[in-house]
Amino acid sequence: AQSVTQPDIHITVSEGASLELRCNYSYGATPYLFWYVQSPGQGLQLLLKYFSGDTLVQGIKGFEAEFKRSQSSFNLRKPSVHWSDAAEYFCAVGEGPYSSASKIIFGSGTRLSIRP
Amino acid sequence: GAVVSQHPSWVICKSGTSVKIECRSLDFQATTMFWYRQFPKQSLMLMATSNEGSKATYEQGVEKDKFLINHASLTLSTLTVTSAHPEDSSFYICSANIAGLEETQYFGPGTRLLVL
């Protein structure tokens, strides 16, 4: 069965510093991978996704993620964080074939705090 | 594009009453919608997959008679929490896929339910 692990529950970085959030997945075939961000009391916003092709994926808000099959990882990065990036970040893996009925399995989330 | 709305955004009800939550795709058609539940500081747990014109598929451990799902059109799915109890208090989030396109899920802003 598919699973997603986000080993860091909470990370604090200084504003302007670089950021990397870790994500490891377990899936038998080529996974569909996502990063979502959730602000307090809000729904989820898609940051970026990987289905195939270039393993370095660019997303919104200056985020990027790199798919590394050998490490079963899909880490999220940002070169310089802003105070507005403070939120909960969820990595997710898409389940099943390429169809609109596929389910998404979410990791446990990483809470990002920004130090002024 | 790909905006999903939920109504209401929050609701407080007495124990034993039923509560209906609506999920709408505003600018696209969604043959599949998903309902999630999120407890404080936890990840999203998939409750059920809702397909237009057919019965919803519930995840293991989710009571289908407790959480009634109706997907009457390509833009609307409803979740009714029947005979709500305090333990049903949670954050309920829906998502939808764009029919015929990629299997990315777009999320609504969530509905916070408090059962007294």
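Source: prediction; values computed, not measured.

Asks: Lay out the packing of aromatic side chains in plain terms, naming residues and giving numbers.
Replies: Summed over the entire model, instances satisfying the criterion amount to 15 aromatic pairs over all chains. With a centroid separation of 5.8 Å and 80 degrees between ring planes, the pair formed by A:F34 and A:F51 is classed as edge-to-face. Taken as a pair, A:F34 in strand 5 (residues 32-38) and A:F51 in the loop between strand 6 (44-50) and strand 7 (56-58) lie far apart in primary sequence, 17 residues in all. Taken individually, A:F34 and A:F51 each receive the classification buried, so the pair is uniform in this respect. Feature note: the residues A:Y32, A:F34, A:Y36, A:F51, A:F90, A:F106, B:Y36 and B:F107 constitute an aromatic cluster, connected by ring pairs.

Asks: Could you give an account of the interface of chain B and chain A, with specific residues and numbers?
Replies: Facing the 23 residues of chain B at the interface are 23 residues of chain A. Buried surface at the junction of chain B and chain A, summed over both partners, amounts to about 1,800 Å²; 52% is from carbon and sulfur atoms. Between chain B and chain A we count 0 salt bridges in total. In this structure, the connection of chain B to chain A is made through 4 residue pairs in polar contact (both at pLDDT 80 or more). In terms of residue count, the dominant contributor to the side of chain B that touches chain A is strand 4 (residues 32-38) of chain B (4 residues). Here the residues of the side of chain B that touches chain A sort into 9 nonpolar, 10 polar and 4 charged.

What counts, and at which threshold
Residues numbered from 1 in each chain as written. Chains lettered and ligands numbered in written order. Predicted model: local features only at pLDDT ≥ 70, side-chain atom pairs only at ≥ 80, totals over all residues. Heavy atoms only, no water. Phe/Tyr/Trp six-rings, centres within 6.5 Å; stacked < 30°, edge-to-face > 60°. Helix = DSSP H or I, 4+ residues; strand = E, 2+ residues; numbered from the N terminus. Buried < 20%, exposed > 50% of the residue type's maximum accessible area, 1.4 Å probe, protein only. Contact = heavy atoms within 4.5 Å. Buried area = accessible area lost by both parts, 1.4 Å probe. Salt bridge = Lys/Arg side-chain N within 4 Å of Asp/Glu carboxyl O. Polar contact = N/O pair within 3.5 Å; in protein donor to acceptor, adjacent residues only side chain to side chain. Nonpolar A, V, L, I, M, F, W, Y, C, P; charged D, E, K, R; others polar.

All quantities given are derived from atomic positions and should not be read as evidence of function.
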